[in-house]
Structure formats: C-alpha cells, structure tokens
Amino acid sequence: MQQTLFIVIDGIDGAGSTLHSKLLAGFLSLKGLKIHLTQEPSNSEIGKLLRNFLKDDKIPPSTDALLFAADRDLHYRNEIKMKLEEGYIVISDRYIESSIIYQSCQSEKITIEWVKNLNKFAGKPDLTIILDIDPKMSLARKNQKDLEKFEDISFLEQVRKLYITRAKEEGYFIINTDDIIELVQEKIQQFVLNKLKVKGIQVKE
Ligand SMILES: Nc1ncnc2c1ncn2[C@@H]1O[C@H](COP(=O)(O)OP(=O)(O)OP(=O)(O)O)[C@@H](O)[C@H]1O
Ligand SMILES: [Mg+2]
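None of the values given here were measured: they were computed from a predicted structure.

Calculation rules
Numbering of residues starts from 1 in each chain and follows the order in which that chain's sequence is written. Lettering for chains starts from A, numbering for ligands starts from 1, and both go in the order in which the items are written. Local features in this predicted model are restricted to residues whose pLDDT is 70 or higher, and side-chain atom pairs enter the listing and the counts only when it is 80 or higher, whereas totals over whole chains, interfaces and linings include all residues. Each side-chain value is worked out from all heavy atoms of the structure, with water and hydrogens disregarded. The classification of residues rests on relative accessible area computed with a 1.4 Å probe and restricted to protein chains. Under 20% of the type maximum is buried, over 50% is exposed, and intermediate values are partly exposed. The way it works is that DSSP assigns letters per residue, a run of H or I at least four long becomes a helix, a run of E at least two long becomes a strand, and they are numbered from the N terminus. Here, residues are in contact when the closest pair of their heavy atoms is within 4.5 Å. Aromatic pairs are defined between Phe, Tyr and Trp rings, using the six-membered ring for Trp, whenever the two ring centres lie within 6.5 Å; interplanar angles under 30 degrees are classed as stacked, those over 60 as edge-to-face, and all others as tilted. Placement of a positive charge over a ring is assigned whenever Lys NZ or Arg CZ falls within 6 Å of the ring centre and within 35 degrees of the normal to the ring plane. Patch criteria: residues need more than 30% relative accessible area and no salt bridge. Like-charged residues are merged within 9 Å; nonpolar side chains of Val, Leu, Ile, Met, Phe, Trp and Tyr are merged within 5 Å. Accessible surface area values rest on a Shrake-Rupley calculation with a 1.4 Å probe, where residue burial reflects the displayed protein chains alone. Just to be clear on terms, a salt bridge is a Lys or Arg side-chain nitrogen sitting within 4 Å of an Asp or Glu carboxyl oxygen. Note on terminology: near, applied to a residue and a molecule or strand, indicates that one of the residue's heavy atoms is within 4 Å of it. Polar contacts here mean pairs of N or O atoms no more than 3.5 Å apart (in protein, one a potential hydrogen donor and the other a potential acceptor; neighbouring residues in sequence count only if both atoms are side-chain atoms). Gly is put with the polar residues, along with every residue not named as nonpolar or charged; the nonpolar set is Ala, Val, Leu, Ile, Met, Phe, Trp, Tyr, Cys and Pro, and the charged set is Asp, Glu, Lys and Arg.

*Asks:* Quick rundown of helix 4 (residues 96–106)? Include the residues and the values.
*Replies:* Burial analysis of helix 4 places ten of its eleven residues in the buried class, the great majority of the element. Residues Ile 96, Glu 97, Ser 98, Ser 99, Ile 100, Ile 101, Tyr 102, Gln 103, Ser 104 and Cys 105 constitute the buried set of helix 4. Of the surrounding secondary structure, the elements contacted by the buried residues of helix 4 are strand 1 (6–11), helix 3 (61–85), helix 5 (112–118), strand 4 (127–132) and helix 7 (153–170).

*Asks:* Which residues make up the packing of aromatic side chains, and what values go with them?
*Replies:* What the rule picks out here adds up to five aromatic pairs. Here Phe 6 and Tyr 95 contribute two aromatic rings whose centre-to-centre distance is 5.0 Å and whose plane-to-plane angle is 80°, an arrangement assigned as edge-to-face. Of this pair, Phe 6 sits in strand 1 while Tyr 95 sits in the loop between strand 3 (89–93) and helix 4; the two residues are 89 residues apart in sequence, bridging distant segments of the chain. We note that Phe 6, like Tyr 95, is buried. Taken together, the ring pairs connect Phe 6, Tyr 76 and Tyr 95 into an aromatic cluster. The ring of Tyr 88 carries Lys 83 above its face, with NZ or CZ at 4.8 Å from the centroid.

*Asks:* Help me get a handle on a nonpolar patch on the surface, residues and values and all.
*Replies:* On the surface, a nonpolar cluster with roughly 230 Å² of combined accessible area is contributed by Leu 19, Leu 23 and Ile 181. Inspection of the secondary structure assignment puts Leu 19 in helix 1 (residues 17–30). Judged by its relative accessible area of 38%, Leu 19 is partly exposed.

*Asks:* Describe the environment of Gly 11, listing the residues and the values that go with them.
*Replies:* Looking at the secondary structure, you find Gly 11 in strand 1. Its relative accessible area of 1% is what places Gly 11 among the buried residues. Residues in contact with Gly 11, not counting those within four places in the same chain, are Arg 94, Tyr 102, Ile 130, Leu 131 and Tyr 163.

*Asks:* Run through the site of ligand 1, naming residues and quoting values.
*Replies:* Around ligand 1, 13 residues are found, and the nearest of them are Gly 16, Thr 18, Leu 19, Lys 142 and Asp 179. With respect to ligand 1, the backbone of Ser 17 contributes an N or O atom lying 2.9 Å from an oxygen atom. Here an oxygen atom of ligand 1 sits 2.7 Å away from a polar atom, N or O, in the side chain of Thr 18. The element contributing the most residues to the shell around ligand 1 is helix 1, with three residues. Per-class residue counts for the shell around ligand 1 are three nonpolar, five polar and five charged.

*Asks:* Could you give me a rundown of the environment of Gln 185, with the residues and numbers involved?
*Replies:* Counting through the fold element by element, Gln 185 comes out in helix 8 (residues 181–198). Taking the relative accessible area as the measure of exposure, Gln 185 reaches 5% and is therefore buried. Apart from residues lying up to four places away in sequence, Gln 185 is in contact with His 20, Leu 23 and Leu 24. Only 3.0 Å separates the side chain of Gln 185 from the side chain of His 20, close enough to count as a polar contact.

What follows is the structure in structure tokens.
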C-alpha cells in the first residue's frame, strides 16, 4: 500500500503557491501516485465566507484568524485526514503557516502562540515548502483590481520577513520563485522526490 504524505505549499502572496501546487500534483500523478489537491480557504461554507472577507477592510484580523482556524478544523477533519487515510498524498495550497504569518502581522494583539493554539486540532503537515519572492515582483504579476486587503508592499515586506524567520526556525524548505516557472517547479519536484524516497514511497521512473 502507498504510504501517505501531507505536503503544504505556502508563502507570501503571489509567490506562486497555487500554480506550483497544481504543477506538483500533475507531476506526482504522472509518477503513478494517488494525489489529492486542495487549498485554503477550503471549499466549506466558512471558506466561502473567508474569500469574501479577504476583500473587506472592515473585518478585523481577529475575526479572520478565528474563521481561518474554524475553516481549517473542518478542512483537516472532513477532507485532508480522510484522504490521507484513503492512501492519497495530500497537497494543500496554504495551511496553518499562512494564518500564523498574516494574522500576526496584521495586529500586535495577535500572537503567534495564540494562532498556533487556535489551530491545535488541525493535523501537522509532513512537509512545508515556503515560496519566497520580493513583493514588488509578485504584485507586478497580479491584476491590480483583484488585489486583496493584504496586498500592499510594506505589509508584504513584513510578511516576507516573518515567513523566512519562521521557515528557518521550523526547518521548512524555502524556494525563491523569481526564476522561470519550470526551474522553480523542478526544485520543488526534486525536494519532494527525495522525501518520498526517504519515506520508502515508490514512484515510477
Ligand atoms: N516564476 C514565475 N514567473 C512568472 N510568473 C509567475 C511565476 N510564478 C507564478 N507566476 C504567475 O504569477 C501569478 C500568481 O501566481 P499564483 O496565483 O500561483 O500565486 P499565489 O502564491 O497562489 O498567489 P495568491 O497569494 O494570490 O494566492 C500567476 O499569474 C502565475 O502564473
Ligand atoms: Mg493562490
């Protein structure tokens, strides 16, 4: 039976977590593995609410933090855990790390410890990959009218710094994404293939 792995791709806005999660899922499927690709906010009702709140300045960061934790609790219990038990490798585009970083950067009253505590029922990923980029570059890739409330340069500089600090502390794999998409994806694939090998999970050559 295939052993499972819970992989998270996270990082600063516009670094490419959605793109690279999809590419990685496609690559691993071609390698003969059962893959479940998911994202946060999730597809739950709370996830839908959160997507609207991300465009709304009047929602306080504490409300965002509570809702993200609730959405994740459901997402983990009803989807991720189930899929792992069915033998899928799960790839999530964003997870707890996004909450820790974004909500704590938004308000001094929100501590990393509090966010961690709120999220203590959500299972831990086996692998977290942090995509890093200069926010000036990532914002330039985006359509200006679609920007969410988090997306301004000075806020994102702060977000970027905290992602890097925490990634080093927690031993996450950091990849800079200012290179061409194919090269970035290849680095991610090599990293994941190594981990699969260490875990004894067989892949097609
Ligand atoms: N290395 C790259 N070179 C050029 N364009 C890129 C690169 N990586 C991603 N992009 C493009 O940048 C845009 C943002 O990528 P993507 O949506 O994957 O980022 P994201 O991290 O998921 O963003 P968000 O935080 O908004 O969810 C997309 O149009 C994507 O195709
Ligand atoms: Mg995305």
